[in-house]
Amino acid sequence: MAELVRTFRLLGFEQRMAAVGAVLLAISTFGPFSFVEVAEIAVALGVLALLRARALGKQFHLPFGDGTVIAAAGIWAGLLIVVRLFDRPLGQNLLALVCAAILVFAGALERAKRPADDLPPQAPPPPPPPPRPRPPAEHPPAGEAPTEPLPPPEFKPYQPEEGEQLRLGGEESKPQPPGDG
């Protein structure tokens with residue numbers, strides 16, 4: 001029971017509302033039982049399984065996102081309830097329809113809150129480990145001078161000659177006609 005409470009606390013508001021709607025939808029099936037009630041319980045268990053997996057931090061992709069799936073489950077449950085509208089007591093039908101509406105509403109809120117992929121943004125990759133320190137340089141053998149690094153090469157910017165057009169690398173220079181400057 002403690003794990004159930006802890007899992008419920010990990011859910012967001014919209015997810016909690018969907019969980020309550022799913023539990024109440026399953027409870028509303030008591031009474032005359034047929035394949036419709038079995039389908040309603042399957043819908044409720046599917047929503048609860050989805051929410052539990054999200055509360056435990058499992059990452060997986062659902063087409064159109066969690067909110068859309070929860071809202072579709074509520075719409076499907078509502079259609080199933082309407083099919084059995086005249087075979088069950090009025091109070092039981094109203095409870096079940098309200099539960100389906102809660103699922104649709106919670107799914108719509110969840111869909112508005114999260115992007116369609118339902119995956120949280122990826123954390124940036126961890127920084128690379130710091131470079132290992134170099135071992136101390138050994139002294140050169142006697143009679144050899146220590147080597148020194150070469151200085152960087154001199155950079156000389158390109159300056160076109162008089163009458164030569166500024167060119168990019170690899171192009172042949174073309175003399176400009178006189179008076180075209």
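For clarity, every value in this text was computed on a predicted model and none was experimentally measured.

### Quick notes on the overall build of the protein chain
When its secondary structure is counted, the protein chain shows five helices and zero strands. Mapped in sequence order, the helices and strands of the protein chain form the string α-α-α-α-α. Burial statistics for the protein chain: of 181 residues in total, 28% are counted as buried. Sequence-distant contacts in the protein chain: of pairs separated by 6 or more residues, those separated by 24 or more amount to 65%.

### Focus: the packing of helix α2 (residues 13-27) against helix α3 (residues 35-55)
Remark: α2 packs on α3, axes separated minimally by 8 Å, with the N-to-C direction vectors making an angle of 150°. One element, α2, and the other, α3, form an angle in the roughly antiparallel class. When the axes of α2 and α3 are compared, the crossing they make is left-handed. Touching Gln 15, Ala 18, Ala 19, Ala 22, Val 23, Leu 25 and Ala 26 of α2 are Glu 40, Val 43, Ala 44, Val 47, Leu 48, Leu 51 and Arg 54, all from α3. Split into classes, the residues belonging to the contact of α2 with α3 amount to eleven nonpolar, one polar and two charged.

Calculation rules
Residues numbered from 1 in each chain as written. Predicted model: local features only at pLDDT ≥ 70, side-chain atom pairs only at ≥ 80, totals over all residues. Heavy atoms only, no water. Helix = DSSP H or I, 4+ residues; strand = E, 2+ residues; numbered from the N terminus. Buried < 20%, exposed > 50% of the residue type's maximum accessible area, 1.4 Å probe, protein only. Contact = heavy atoms within 4.5 Å. Axes fitted to C-alpha atoms, helices over the stretch in contact; angles between N-to-C directions. Parallel < 35°, antiparallel > 145°, perpendicular 65-115°, else oblique. Left-handed = near helix turned anticlockwise from the far one by under 90°. Nonpolar A, V, L, I, M, F, W, Y, C, P; charged D, E, K, R; others polar.

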